[in-house]
Amino acid sequence: MSAGADGGGGGAGTEARSRGASPGADDFVPSALGTREHWDAVYERELQTFQECGDTGEIWFGEESMNRLIRWMQKHKIPLDASLLDIGTGNGVFLVELVGPPVEC
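Let me begin by describing the structure that accompanies this report. Note that the structure is predicted; figures quoted are calculated from it, not measured. (Residues numbered from 1 in each chain as written. Predicted model: local features only at pLDDT ≥ 70, side-chain atom pairs only at ≥ 80, totals over all residues. Heavy atoms only, no water.)

Between the first and last C-alpha of helix 3 (residues 63-75) there are 18 Å, a value that for 13 residues agrees with the 18 Å anticipated at 1.5 Å per step. After helix 3 finishes, the residue Lys77 shows a positive phi value of roughly 55 degrees. (Helix = DSSP H or I, 4+ residues; strand = E, 2+ residues; numbered from the N terminus. Expected span 1.5 Å × (residues − 1).)

Our next topic: helix 2 (residues 36-53). In an α-helix, one turn spans 3.6 residues, which is why side chains three or four residues apart end up on the same side. Relative to the 26 Å expected for 18 residues at 1.5 Å per residue, helix 2 spans 26 Å between its end C-alpha atoms, a close match to the ideal helical length. Positioned one or two residues after helix 2, Gly54 has a phi angle of 75 degrees, which is positive.

With respect to the secondary-structure elements, Leu47 resides in helix 2. In this structure Leu47 comes out as partly exposed when scored by relative accessible area, which is 41%. For the pair Leu47 and Gly57, spaced ten residues apart in sequence, the C-alpha to C-alpha distance is 8.9 Å. (Buried < 20%, exposed > 50% of the residue type's maximum accessible area, 1.4 Å probe, protein only.)

According to the stated counting rule, one finds two salt bridges in the structure shown. Residue Asp40 is joined to Arg36 by a salt bridge in which the shortest nitrogen-to-oxygen separation is 3.4 Å. Residue Asp40 and its partner Arg36 are located together in helix 2, separated by four residues, close to a single helical turn. Note that Glu64 and Arg71 form a salt bridge whose closest N and O atoms lie 2.7 Å from each other. With a relative accessible area of 47%, Glu64 lands in the partly exposed category. (Salt bridge = Lys/Arg side-chain N within 4 Å of Asp/Glu carboxyl O.)

Moving on, we get to the layout of surface pockets. In this model, the largest pocket occupies a volume close to 350 Å³. Ser65, Met66, Leu69, Asp86 and Phe94 are, among the 22 residues lining the largest pocket, the residues nearest its centre. Secondary structure elements with two or more residues in the lining of the largest pocket: helix 3 and helix 4 (93-99). With five residues, helix 3 is the single largest residue contributor to the lining of the largest pocket. Every residue along the wall of the second largest pocket is listed here: Ile70, Met73, Gln74, Ile78, Pro79, Leu80, Ala82, Leu84, Leu98 and Val99. Only helix 3 and helix 4 provide two or more residues apiece to the lining of the second largest pocket. Here the lining of the second largest pocket takes three residues from helix 3, the largest share from any one element. When the residues that make up the lining of the second largest pocket are grouped by side-chain class, the tally is nine nonpolar, one polar and no charged. (1 Å grid on protein atoms, 1.4 Å probe; cavity = no way out; pocket = protein on both sides within 12 Å on 5 of 7 lines; lining within 4 Å. Points joined across faces, edges and corners; volume = space filled by probe spheres on them. Nonpolar A, V, L, I, M, F, W, Y, C, P; charged D, E, K, R; others polar.)

As a rule of thumb, non-glycine residues mostly have phi less than zero, and peptide bonds are mostly trans rather than cis. The phi torsion at Lys77 lies on the positive side, around 55 degrees, for a residue other than glycine. With respect to the helices and strands, Lys77 occurs in the loop between helix 3 and helix 4.

Structure (structure tokens):
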């Protein structure tokens, strides 16, 4: 396959996009969700809410997913003082739930 006619090798379309032209119908429009500033603000807001009233925020992956992990840990007798690494933690609500019940505002 040659680069050019299929749009994969440069040409006018790539040139126009690199000059800051508006996205075409097939291009993705930039979103605030893709910026560090957006996520810094989200995490700062959640941290402040947690510090002020103990609200752990949104359960990003569903309460059932969290409960399933807790049941697995109980079944396999994971000690309460075990070290855990929560990869892809989101806002960390799973680890907060493992520590104990949240404080009411």
